[in-house]
Amino acid sequence: MRDDNCIFCKIANGEIPSATVYEDPDFRVILDLGPASKGHALILPKSHFKDLCDADPEAMAKILPLAGRLGKAMKESLNASGFNVVQNNGASAGQTVFHLHVHVIPRYDGGPEMVAWKPGKEEAEELAKTAEKVAAQL
Ligand code: AMP
Ligand code: ZN
């Protein structure tokens, strides 16, 4: 499972050099070229999945524990005080590289600040309707 035109396939499989933090048979973890903060890392599966809807559940089951290990290492090695785990699916969600990847972004007490969403408002009835719609497709 590989796409010859995909830059993350090439990076994940070592054909293009990267600042590699970690590698195992399933994943390569690299530093983002345009980091949101110092140490911003990307977990790249070695197999090509376009996004989470397309991904192999077995491989995905390993990603969150790896993100946790990375976050812990960032706290210990870079003095981060927290970290965000972000994963974008689709252009409207901010995905720009269509090879599934997980961002692990260390956060520091002094910043940099990052954009957060503005909480909206929704009536209980509307919440229930929406929940029902999504549930019907699961
Ligand atoms: P996303 O917007 O979730 O698709 O994230 C793509 C991320 O990949 C961005 O944060 C980019 O800065 C990063 N990126 C793109 N090309 C490279 C590259 N060649 N090496 C490292 N990071 C990259
Ligand atoms: Zn790919």
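Per-chain numbering applies: the sequence of each chain, read as written, is numbered from 1 onward. Each chain is given a letter, starting from A, and each ligand a number, starting from 1, according to the order in which they appear as written. In keeping with the predicted nature of the model, local features appear solely for residues at pLDDT of at least 70, side-chain atom pairs appear and are counted solely at 80 or more, and the whole-chain, interface and lining totals rest on all residues. As a convention, hydrogens and water are excluded, and side-chain values are obtained from all of the structure's heavy atoms.

Undergrad: Tell me about the coordination of the zinc ion (ligand 2), and name the residues and values.
TA: At this site the zinc ion (ligand 2) is bound by Cys6 (SG), Cys9 (SG), His48 (ND1) and His99 (ND1), with donor distances of 2.1 to 2.3 Å. Geometry at the zinc ion (ligand 2) is tetrahedral, judged from the 4 donor atoms that bind it and their angles of 105 to 117 degrees at the metal. Donor atoms: N, O and S within 2.8 Å of the metal, or within 3.2 Å for Na, K and Ca. Because water is excluded, sites can look incomplete. The geometry test gives tetrahedral to four donors whose angles all lie between 85 and 135 degrees, gives square planar to four donors and octahedral to six donors whose opposite members are over 155 degrees apart with all other angles between 65 and 115, and gives irregular to the rest.

Undergrad: Could you give an account of the site of ligand 1, naming the residues involved and the relevant values?
TA: Any residue with a non-hydrogen atom lying within 4 Å of a molecule or strand is treated as near it. If you check the shell around ligand 1, you find 16 residues, and the closest are Asp32, Gly94, Thr96, His101 and His103. Here an oxygen atom of ligand 1 sits 2.5 Å away from a polar atom, N or O, in the side chain of Asp32. Between an oxygen atom of ligand 1 and a main-chain N or O atom of Thr96, the distance comes to 2.7 Å. For ligand 1, whose accessible area on its own is 510 Å², the fraction buried by protein is 79%. For the shell around ligand 1, the elements supplying multiple residues, two or more each, are helix H1 (7-12) and strand E2 (27-31). Top element by residues in the shell around ligand 1 is H1. It accounts for 3 residues. Identification of polar contacts relies on pairs of N or O atoms within 3.5 Å, with a donor-acceptor requirement for protein atoms, meaning one able to donate a hydrogen and the other able to accept it, and with residues adjacent in sequence counted only if both atoms are side-chain atoms. Each accessible area is a Shrake-Rupley estimate made with a 1.4 Å probe; only the visible protein chains count as cover when residues are assessed. Numbering of helices and strands runs from the N terminus, with a helix taken as a DSSP run of H or I at least four residues long and a strand as a DSSP run of E at least two residues long.

Undergrad: Can you lay out the sheet that holds strand E5 (residues 102-107) for me, pointing to particular residues and giving the numbers?
TA: Strand order in the open sheet formed by 5 strands is E1-E2-E3-E5-E4, with antiparallel pairing between adjacent strands. Whereas interior strands pair on both sides, the edge strands pair on one side only; in this sheet they are strand E1 (20-23) and strand E4 (82-86). In this sheet, adjacent strand axes meet at a mean angle of 20 degrees when their direction is disregarded. In terms of strand pairing, E1 meets E2 through 3 bridges, oriented antiparallel. Residue pairing across strands places Glu23 opposite Arg28, the latter belonging to E2. Paired strands are those between which DSSP finds at least two bridges. Note on definitions: angles span 0 to 180 degrees between N-to-C directions of axes, and those axes are lines fitted to C-alpha atoms, for helices only across the stretch in contact.

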